[in-house]
Amino acid sequence: MNEHLDCQKLLSSISDFVDGELSPDLCQQIEQHLNECENCRIVINTLRKTIDLYHQQPPSESLPQEIRQRLFHRLHLDEFLNHDRG
Ligand SMILES: [Zn+2]
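Now for a quick tour of the structure. (Residues numbered from 1 in each chain as written. Predicted model: local features only at pLDDT ≥ 70, side-chain atom pairs only at ≥ 80, totals over all residues. Heavy atoms only, no water.)

So, about the coordination of the zinc ion. Protein coordination of the zinc ion is provided by Cys7 (SG), His33 (NE2), Cys37 (SG) and Cys40 (SG), with donor distances spanning 2.0 to 2.3 Å. All donors of the zinc ion come from a single chain, and their spacing in sequence reads C-x25-H-x3-C-x2-C. Highlighted residues: Cys7 in helix 1 (residues 7-12) and Cys40 in helix 4 (residues 38-56), separated in sequence by 33 residues. Accessibility expressed as a relative area gives 0% for Cys40, which makes it buried. (Donors = N, O, S within 2.8 Å, 3.2 Å for Na, K, Ca; no water. Helix = DSSP H or I, 4+ residues; strand = E, 2+ residues; numbered from the N terminus. Buried < 20%, exposed > 50% of the residue type's maximum accessible area, 1.4 Å probe, protein only.)

Written out as structure tokens, the structure reads:
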């Protein structure tokens, strides 16, 4: 059995990943998953683009939790997780 990072696990750490707060090992697993999974690639690309936009505006170091939650809600991550099953 090789370690398989499934979509649900990936999405649960996706915000840390785009923030660059994950360990190199985990980042590598995520990158690997992204190579194989188009759905997650789309989610992460959208998230990164949106975060880039926020970073360009105010000179703040990290995304406020409230904005992050709104962002996740807007990306329909819950829907994505349910849809992915099966
Ligand atoms: Zn995936």
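Let's shift gears to the side chain of Ser13. Note on placement: Ser13 falls in the loop between helix 1 and helix 2 (14-19). Among residues more than four places away in sequence, those in contact with Ser13 are Leu22 and Ile30. (Contact = heavy atoms within 4.5 Å.)

Structural remark: α-helix, 3.6 residues per turn; residues separated by three or four positions point the same way. Between its terminal C-alpha atoms helix 3 (residues 24-36) stretches 19 Å, which fits the 18 Å expected from 13 residues at 1.5 Å a residue. Those residues of helix 3 lying buried are Cys27, Ile30, His33 and Leu34. Buried positions in helix 3, seen along its axis, are confined to an arc of 125 degrees and lie on one side of it. When the buried face of helix 3 is taken as reference, the exposed residues oriented beyond 90 degrees from it are Pro24, Asp25, Gln28, Asn35 and Glu36. Buried residues in helix 3 make contact with helix 1, helix 2 and helix 4. (Expected span 1.5 Å × (residues − 1). Arc of directions from axis to C-beta.)

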